[in-house]
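# Structure at a glance
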Amino acid sequence: MSTLPQTQDQTIPDAWDYKGRPAERSKTGGWTSAAMILGGEACERLTTLGIAVNLVTYLTGTMHLGNASSANIVTNFMGTSFMLCLLGGFLADTFIGRYLTIAIFATVQATGVTILTISTIIPNLHPPKCTKDTGKPCIPASNTQLMVLYLALYVTAFGTGGLKSSVSGFGSDQFDDSDKGEKKQMIKFFNWFFFFISIGSLAAVTILVYIQDHLGRDWGYGICACAILLALFVFLLGTRRYRFKKLAGSPLTQIAVVYVAAWRKRHFELPSDSSLLFDVDDFADETLSKKKKQRLPHSKQFRFLDKAAIKDPKTEGEINVERKWYLSTLTDVEEVKMVQRMLPIWATTIMFWTVYAQMTTFSVSQATTMDRHIGKSFQIPAASLTVFFVGSILLTVPIYDRVIFPITRKVLKNPQGLTPLQRICVGLVFSILAMVAAALTEIKRLRVARSHGLVDNPSAVLPLSVFWLVPQFFFVGSGEAFTYIGQLDFFLRECPKGMKTMSTGLFLSTLSLGFFFSSLLVTVVHKVTSHKPWLSNNLNEGKLYDFYWLLAMLSGLNLVIFLFCAKRYVYKDKRLAEEGIEMEEPDASCHA
């Protein structure tokens, strides 16, 4: 009983409360504050996916835009959201912290969704309803209407990027990883984080999409706006309970510093002995010594970057913070080299997310032309087919844990089963199968359209079940389960200890570039095939299957390049162990 007051008054060494005082373990953090953050993430996922997954049908059906243009708007919106995570992470790590980043960008996202909701309510902000039956043509959205739409989408994307960059990190800040009990709770937090993301996703692709299609976009987007405002209110309500961590600085700055310092000393000659280079042991200033890192062994790759650590005799007495853009430690250089070694793997995972992008664009467009009835009365919204995508993810994860993991652990004699790169490889194979299945399904869909004389009628519902599209959703969903976890594991494991936030940034940037590459590919294909378009506004007159075959071939080529890069890649633990042994031998001889 005597130890109870001490436990309650115990403070956490590296955390503060909202007034800047040392955070008390009993009064801050834990599940109370984490629950408010988890709820906010579920609302963010509901809002973002609720807009993105059904956006292509809004653009084609309400704004009267073409299939290619609509697909590009969706992929550019999603790509921008993920790319802006880098900006949000930089601001959070360097200037304003995660709490303010979440609060500010949640407000921005709510503003964007509110503008989008208003644009669906005011008649002048979207074209009149299409009345082809009365002989009047569909009028595409005007420049003013598109300007309001783009304003709403990109303000939303700006808010989403900043919010997404900090939510998981701020949630983990509520637990003390130096305490065994709280460290276990932190692991459970990430499990619950994934669970709440899945709940938000399922609600978006089922309930919210149904509301958008049957009650109207104003109701659907209005619910999104209310959800994110509610999340912001609950988040701010927990301010007194949160734990706040000191700003760590952005790893992007360190990378920039090393490249700039190396370039500025590009004419210098590298010394033959790496011990002559500036390193963490050379810090003499007390302030700088606090930033001291664990020393890393010198590697022979990317020798140009070593020039950042060359000591200039003219300025050797001026080693201070102000000179950091001219001089870096060899350990900082080695950390940047670690990131650079990862770039070939990073680049070859982008193609998976290009395939992924098709599930929210052309696959949804295909669904709108097919029979979506279950029974006689209920009709599935086209965008709700992504429920099979989410379901395949949730199905693949336990199958891997219970079946594939034990088998691969025995066969490969690896305690972790498949390595991160092997998981990514499986995901890339699934993406190829998805595009093959999508192409074959589209060929069948076009045959049905021709056999029933419905080629010239883009609004006709073909007598073909929409469930023919399930295989492509299943393969991409299963592929994501392997690729997502494999990428995250790879980047977390291979990034230097001092640059862990870089792992999330690298991962999210592959999603962003995958969406952007999809937009570029659609634009190029649409222009090259303009005489006989593959991506026609009337899918029945196009050759969407050829676009899918193209993606399958590009994915196959990408897989070959990935296998080449993966075979040459040496995991950090193995490389450092080998380099450490090589480095210790000369030292031993000197002491002898």
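Right above here is the structure, for reference.
Residues numbered from 1 in each chain as written. Predicted model: local features only at pLDDT ≥ 70, side-chain atom pairs only at ≥ 80, totals over all residues. Heavy atoms only, no water.

Bringing a nonpolar patch on the surface into the picture now. The grouping of L395, I399, V403, I407, V411, L412 and F474 at the surface amounts to a nonpolar patch, some 610 Å² of accessible area in total. By residue number, the principal contributor to the nonpolar patch is helix 13 (residues 386-411), which donates five residues. On the secondary structure map, V403 appears in helix 13. With relative accessibility at 42%, the residue V403 sits in the partly exposed group. (Patch = residues over 30% accessible without salt bridge, like charges linked within 9 Å, V, L, I, M, F, W, Y side chains within 5 Å. Areas by Shrake-Rupley, 256 points an atom, 1.4 Å probe, with all protein chains shown as cover. Salt bridge = Lys/Arg side-chain N within 4 Å of Asp/Glu carboxyl O. Helix = DSSP H or I, 4+ residues; strand = E, 2+ residues; numbered from the N terminus. Buried < 20%, exposed > 50% of the residue type's maximum accessible area, 1.4 Å probe, protein only.)

This next bit is on helix 7 (residues 217-237). The terminal C-alpha atoms of helix 7, which comprises 21 residues, lie 30 Å apart, in line with the 30 Å expected from a rise of 1.5 Å per residue. Those residues of helix 7 not exposed but buried are R217, G220, Y221, G222, C224, A225, A227, I228, A231, L232 and F235. On the buried face of helix 7, the contacting elements are helix 2 (30-52), helix 3 (55-61), helix 4 (67-121), helix 5 (143-172) and helix 6 (180-214). (Expected span 1.5 Å × (residues − 1). Contact = heavy atoms within 4.5 Å.)

Right, let's get into the environment of S250. Relative to the assigned elements, S250 resides in the loop between strand 3 (244-245) and helix 8 (251-264). Along the chain, S250 and F90 lie 160 residues apart, while their C-alpha atoms are 5.5 Å from each other.

Tallied over the full model, the rule gives 14 salt bridges. Across the salt bridge formed by K245 and D14, the nearest N and O atoms sit 3.9 Å from each other. Of this pair, K245 sits in strand 3 while D14 sits in strand 1 (residues 11-16), placing them 231 residues apart in sequence. When its relative accessible area of 37% is taken as the criterion, D14 is described as partly exposed. A single network of salt bridges, built from pairs that share partners, joins R25, D176, E182 and R243.

To continue, consider helix 10 (residues 330-348). Between the first and last C-alpha of helix 10 there are 29 Å, a value that for 19 residues agrees with the 27 Å anticipated at 1.5 Å per step. The largest bend in helix 10 is about 35 degrees, located at M342, with the proline P344 one to four residues further on. Within helix 10, 16 of the 19 residues are buried, which leaves it mostly tucked inside the rest of the structure. (Bend = angle between axes of the 7 residues up to and from the residue.)

Moving on, we get to the packing of helix 11 (residues 350-357) against helix 17 (residues 544-568). For the pair helix 11 and helix 17, the least separation of the axes is 9 Å and the interaxial angle reads 160 degrees. Taken together, the axes of helix 11 and helix 17 are roughly antiparallel relative to one another. Every pair of crossing elements has a handedness; the one defined by helix 11 and helix 17 is left-handed. Here M351, T354 and V355 of helix 11 lie close against helix 17, whose contacting residues are L551, L554, S555 and N558. Tallied by class, residues from the contact of helix 11 with helix 17 come to four nonpolar, three polar and no charged. (Axes fitted to C-alpha atoms, helices over the stretch in contact; angles between N-to-C directions. Parallel < 35°, antiparallel > 145°, perpendicular 65-115°, else oblique. Left-handed = near helix turned anticlockwise from the far one by under 90°. Nonpolar A, V, L, I, M, F, W, Y, C, P; charged D, E, K, R; others polar.)

None of the figures reported here should be taken as evidence of function without further support.
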